[in-house]
Structures are given as C-alpha cells and as structure tokens.
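# Remarks on the overall topology
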Amino acid sequence: MVNLTIDGKQISVQENTTIMEAAAQNGIHIPKLCYLKDINEIAACRVCVVELEGKEKLITSCNNPAEDGMVIHTNSPKVRKHRKTTVELILSQHDCRCVTCARSGNCSLQKTANDLNILQIPYKQTLEHQKWNQSFPLIRDSAKCIKCMRCVQICEKVQGLGVWDVEGTGSRTTVNVSRLRSIEEADCALCGQCITHCPVGALRERDDTETVWDAIADPDKIVAVQVAPAVRAAWGEQLGLMRGEATIGKILDSLKKMGVDYAFDTTFSADLTIMEEGTEFIKRFTSGELKHLPMFTSCCPGWIRFIKTQYPGLVKYLSTAKSPQQMFGSVMKTYFAEQLKVAPERIYTVSVMPCVAKKAEREMELFYEEYAGHDVDAVITTRELVKMIRSAHINPKTLEDIPGDRPMQEGTGAGVIFGATGGVMESALRSAYFLLKGKNPPADAFSKVRSQGFNQNNGVQEADFQIDDITVRTAVVSGLGNTRALLDRILRGEVQYDFVEVMACPGGCVGGGGQPIHDGEERAFERGKKLYDLDQQAELRFSHENPDVRTMYERFFGNPNSHKAHMLLHTIHEKAAY
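Summary of the structure given here. Predicted model only: the values in this text are computed from it and were never measured.

Before going further, it helps to examine the nonpolar core. Grouped together as the largest cluster of nonpolar side chains are 128 residues, with contacts concentrated most on Trp-164, Leu-255 and Trp-303. Beyond its immediate stretch of four places on either side in the chain, Leu-255 contacts Val-225, Val-227, Val-260, Ala-263 and Leu-385. Counting residues in each nonpolar core, the second largest holds 25 residues, with Met-408, Val-549, Met-552 and Phe-556 among its members.

Rendered as structure tokens:
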C-alpha cells in the first residue's frame, strides 16, 4: 500500500494508483478534459495539475503515480491560478457560443470554466474553421475542438480504424481526418464512439429532429415511429427518470404527445429478424456452407461498414437478413400500408435508435410493386429523442405506460435483448433450437454468450452448444478493435466457429454512439443488465412465439425465407450502398 496526504487527508491506496485515482477514491474531485483511463493518458490539457510539496513545478495527476509520503494540494492558490489560465487559453481557441451547442449543459469544458468562475476571456480569440459535409451522419465542428486527442485514441485503440489523427505543428497543431482524406473517403464505421468520448461539442450526430417535426406537421403524411430495444435502457438518464420509470410505454406516450400517428416497439421486428436469420443459419449450417468460415450477424450497420472496407472477402458470409430497423421500415411500406389501404408514399417511417450508423443505413433502397424509395425515411438518436421531448415541453413525470399500436404491437424478451452484446446470438439460438427440435429449450439455456462485464475477455464470449448430435460453435464480439483481432484469428485458422455475432460498439447497442453521454463513464454493461432483466420479466421469451409475427407470416409473407420475405426482408450486401 502507498500512504500519502491529499488536501490534508491521509489516505492509503494500492501501488500504481495515479494521484487522480487516489483522490477520486477518497471523494476528492480533480477536473480533467483529455483523460480516459487506459486510452488517453497523455496529460495534454494540463487541467488536472496539482501541487506536490517540495516540488516547484505543478505536476499532472492523471499520469503520475501516487508515491509514499507525498503531500498533494489539488486546489491551492497556485493550482487555481494555473488551472484558470489554462482553461482561459483553451477557451480562446474554442467557439464559446454555448447556447447553440449540442452539448450545452453536458460539456466538461463548460462545467470546468463555470467552476473556475471564468466570466471573460482575456486573450484574443482565434478559431479554426475546417470545411465539413453537413449532410454526413457524423458532424465535426473544428471551432469547438480542444485538441484533447480523445477521438484519435478511441478510434485507434478501441475501434482500430484510425479515422482521426493529429496534423500540423506548434500553434497550428490540430485534429483532422487522417491521411489527408475527407470523412467520406475514410473508413469510418459511424460507430459514434468518438462522439460519446468527446468532452465538448466538437463531434455530434447530424440533427434530423426538424425533418421529423416537419413530417409530423404535414397533413399528407402518416408518421410511424419505431423505438429500438437499447433506447429504453438509456433515455431516462437525461430526464431524471429512475431505471424502473423509464419504460418503453412512456417513450411511446411521448411520441403520441408529439403528434405521431403510430408508435411501435422495434422488438417486434427484432423477433422478425430472428425468424429470418435463424432460418437462414440452419439452412447454411446444415448444407455444409459454414464448414470453414462462420455466418456473421448483419444487424449492426457499423459492423457492416467495417467488414466492407476492412474484410471485403468475408462479406458473403454475412447473413442476408436486413436489420430490425430496415425490416420494420419495409413492413411499414408494404404490409402496414395494405392494412391501412394507403399508398406507401404517404407513410413516413421514423426510427429512434441508439446508433449513428443507422442514419447511413436508412439510405438502403426499397423497391416493391410500384413503390421506389426507402424502408426508413428518418433516423433520430436517443439524444435527439430527448431533445424532441424537451422541445415539446413534455414533463416526463406525466408520461404514462401505453402499448404500441396494432398490428405490430407484440414483442418478446428475445427481441428486447437485441440491444446488448450477445443478445442477437442468444435469441437466434433459442429459436434455432425450436426449429431443429420442435420444442423450446429452457429460456436461459444459451446465456453463456452474455458478456460478463464491460469489455471482458477483450469483448469476446465463446460458447459451444450441443443440440442432440449437433454441436454449434459460437462467438460474440463487440468493439471493432476486438472484432479485427477475432477475424484475424479466424482467418489464421486459430479458432473455428459456425455463427458469430458482431456489434461495432463496445457492449453492444446499449453503448451506441447515439446514447446519452456521461463523460468518463462506460454504462453499456449496466444498461445491458436492464435489458436482460426485462427479458426475465417478459411473458414471451421466444421470437417464434410472437403472435403478431405469426399473423404477419400467415397473412403476408407465408414462411420465413419465402420469396416475398427475401424480396423485402433480405438484402445483397455487396450491392447495398450504406
């Protein structure tokens, strides 16, 4: 143990604990802007400096270990003066128009400046302005960038793509898309992890809320909204709702209060996805097609973007099933339009997703009879949903639990856990077992694919399952850096699987780039546990038991993987542009 004194308090910590960690463990807050544990420990911002007795110069607390006998002052006059000057200099190169910033009220720089009582900037303000395509799903505002390097490190170390890099020298040092590329030319997966780890508003998703408001106001449009499973695990965090209060029914109520015509739970189409993907897996598995390489799930558009640019030779091993978002949109424009007896052009489909990549995925085209357009017309993130709730002046405490609309009202626990890493695999195996055996397994028979903790086992869960004389070898991975490592092991022949689930974001959709931001915190695992709790409480826990899905097959599709199902619920990934 190491014994030291911080702000007059004698404390003991484990060896190799940083000064910042030692202080935090004892309730002493040291502000920071660039630090991310194990990812960005470069002390670039200099905001976390502290005074060490016996040393003239201040030292950074984020990357200096606590040592025996240290006497540390985190808020001495010398520290306060230095910290205030540092933040004033950062603000002199930062667009301080906070009221028009997406991160206003949830910005580490804004909070630090307020805490330091900075009321004016004594230095000349010099802002950097780089051109950016405002129609791209990910938006970067160079005038807000504080050069903390978090985006560079998270993309390189966690996602393994290196989209961002440092360029220039001296006072002209800045961050930009790497290798002198535009963002469109870069291999960006649109996972959005750079957004959720940015301490300020330099990175954000393209805002599509006004597009949705315009559709709601258009009397010729029938607005139908779907809400993804992972959204229910996080939306209440920004609105002061407790975990048990922030239900899917209240989200649907908020949407109805905004004026949408129909509100649905995407767990319905998650169940539909399982029917298509599970049936496809059994066909490909039993035919021997997966003898050498596995079938990969296709629900995550960030993963699809990744495999197309990084491992194009493996694209043919993707499931051809569309994601639940796209399946829902397709059903809206066909089956639902026929139920309403209206032209599909009148139906305006909106998705509420935890994901930035879904904004690109919606560009997938749909052709059916005389209709030519898109499955989904607009995508908003969880954060954008909260913006719309606030914009509509809806008091979240007044929201009630209401059911989704018919005829896509039902969803199962299997559909709910789609939002957590391992959820798609577990749901698919539950129904694959039924399709092979004609009876249900115990609902938790495949729980070995669940994550045991955030990024545990390098984000990989492996499990073999025996169904009579058949062994199904599975792997679940989240995070694109972890995915790259797993794919390389597969291609080298070090491991062999039959079925692999991939999610671009660490922890799955619950940790998506469109979820509420809590600087320095990783909440994916805790959010995932909420979805598994909901699965445990669900009356139906098998996708093939969803009565509304069954009815749809009877009335419209016939059987899973039928010709019509392939027309509307599947895609050719080599040709799909997103």
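Each aromatic ring pair is characterised by the separation of its centres together with the angle its planes make. Scanning the model with the defined rule gives 16 aromatic pairs in all. Aromatic side chains Phe-268 and Phe-328 sit 6.0 Å apart centroid to centroid with 75° between the ring planes, which places their arrangement in the edge-to-face category. Separated by 60 residues along the polypeptide, Phe-268 in helix 8 (residues 267-286) and Phe-328 in helix 10 (residues 324-340) bring together distant segments of the chain. Owing to a relative accessible area of 1%, Phe-268 belongs among the buried residues under this scheme. Linked through ring pairs, Tyr-262, Phe-264, Phe-268, Phe-328 and Phe-336 together constitute an aromatic cluster.

Closest axis-to-axis distance for the helix 8/helix 10 pair is 8 Å, and the angle between their directions is 105°. Compared by their axis directions, helix 8 and helix 10 come out roughly perpendicular. For the pair helix 8 and helix 10, the contacting residues are Phe-268, Ser-269, Ala-270, Leu-272, Thr-273 and Glu-276 in the first and Pro-324, Met-327, Phe-328 and Val-331 in the second. Residue composition of the contact of helix 8 with helix 10, grouped by class: seven nonpolar, two polar and one charged.

Turning our eyes to something else, we now look at the pattern of salt bridges. For the structure shown, the criterion picks out 38 salt bridges. Of the charged contacts, one joins Arg-383 and Glu-205 as a salt bridge, the two residues approaching to 2.9 Å between their closest N and O atoms. Of this pair, Arg-383 sits in helix 12 (residues 382-391) while Glu-205 sits in strand 9 (residues 203-205), placing them 178 residues apart in sequence. Grouping residues by exposure puts Arg-383 and Glu-205 together as buried. Ionic pairing is found between Glu-237 and Arg-527, a salt bridge with its closest N-O pair at 2.8 Å. On the criterion of sequence distance, the pair formed by Glu-237 in the loop between strand 10 (222-227) and helix 7 (248-258) and Arg-527 in helix 16 (residues 524-537) is long-range, its members being 290 residues apart. When its relative accessible area of 6% is taken as the criterion, Arg-527 is described as buried. Linked by salt bridges that have partners in common, Glu-426, Arg-430, Asp-444, Arg-450, Asp-535 and Arg-541 make up one network.

On to the side chain of Arg-362, then. Among the structural elements, Arg-362 can be located in the loop between helix 11 (357-361) and strand 14 (365-368). For Arg-362, a relative accessible area of 12% corresponds to the buried category. Contact partners of Arg-362, with chain neighbours within four places excluded, come to Gln-325, Gln-326, His-374, Val-376, Asp-377, Ala-378 and Val-379.

Another aspect to go through is the sheet that holds strand 18 (residues 470-478). Ordered by their spatial adjacency, four strands build an open sheet running 12-19-18-17, and the pairing between neighbours is mixed. Of all the strands in the sheet, the pair left with one neighbour each is strand 12 (295-296) and strand 17 (460-467). In the packing of helix 14 (residues 423-437) onto the sheet, contacts are made with strand 17, strand 18 and strand 19 (499-503), and the angle to strand 19 comes to roughly 150°.

In this section: a nonpolar patch on the surface. On the surface, Leu-89, Ile-121 and Tyr-123 cluster together to form a nonpolar patch covering roughly 230 Å² of accessible area. Along the polypeptide, Leu-89 turns up in helix 2 (residues 77-91).

Right, let's get into the packing of helix 8 against helix 17 (residues 547-557). Helix 17 packs onto helix 8 with a crossing angle of 60° between their chain directions and a minimal axis gap of 9 Å. Relative to helix 17, helix 8 is oriented oblique. Viewed along their axes, helix 8 and helix 17 form a crossing whose handedness is right-handed. When helix 8 is examined against helix 17, the residues Phe-268, Asp-271, Leu-272, Met-275 and Glu-276 are found in contact with a partner set consisting of Asp-548, Val-549, Met-552 and Tyr-553. In terms of residue class, the contact of helix 8 with helix 17 is built from six nonpolar, no polar and three charged.

What counts, and at which threshold
- Residues numbered from 1 in each chain as written.
- Predicted model: local features only at pLDDT ≥ 70, side-chain atom pairs only at ≥ 80, totals over all residues.
- Heavy atoms only, no water.
- Core = buried A, V, L, I, M, F, W, Y, C linked by side-chain atoms within 4.5 Å.
- Buried < 20%, exposed > 50% of the residue type's maximum accessible area, 1.4 Å probe, protein only.
- Contact = heavy atoms within 4.5 Å.
- Phe/Tyr/Trp six-rings, centres within 6.5 Å; stacked < 30°, edge-to-face > 60°.
- Helix = DSSP H or I, 4+ residues; strand = E, 2+ residues; numbered from the N terminus.
- Axes fitted to C-alpha atoms, helices over the stretch in contact; angles between N-to-C directions.
- Parallel < 35°, antiparallel > 145°, perpendicular 65-115°, else oblique.
- Nonpolar A, V, L, I, M, F, W, Y, C, P; charged D, E, K, R; others polar.
- Salt bridge = Lys/Arg side-chain N within 4 Å of Asp/Glu carboxyl O.
- Pairing = 2+ DSSP bridges.
- Patch = residues over 30% accessible without salt bridge, like charges linked within 9 Å, V, L, I, M, F, W, Y side chains within 5 Å.
- Areas by Shrake-Rupley, 256 points an atom, 1.4 Å probe, with all protein chains shown as cover.
- Left-handed = near helix turned anticlockwise from the far one by under 90°.

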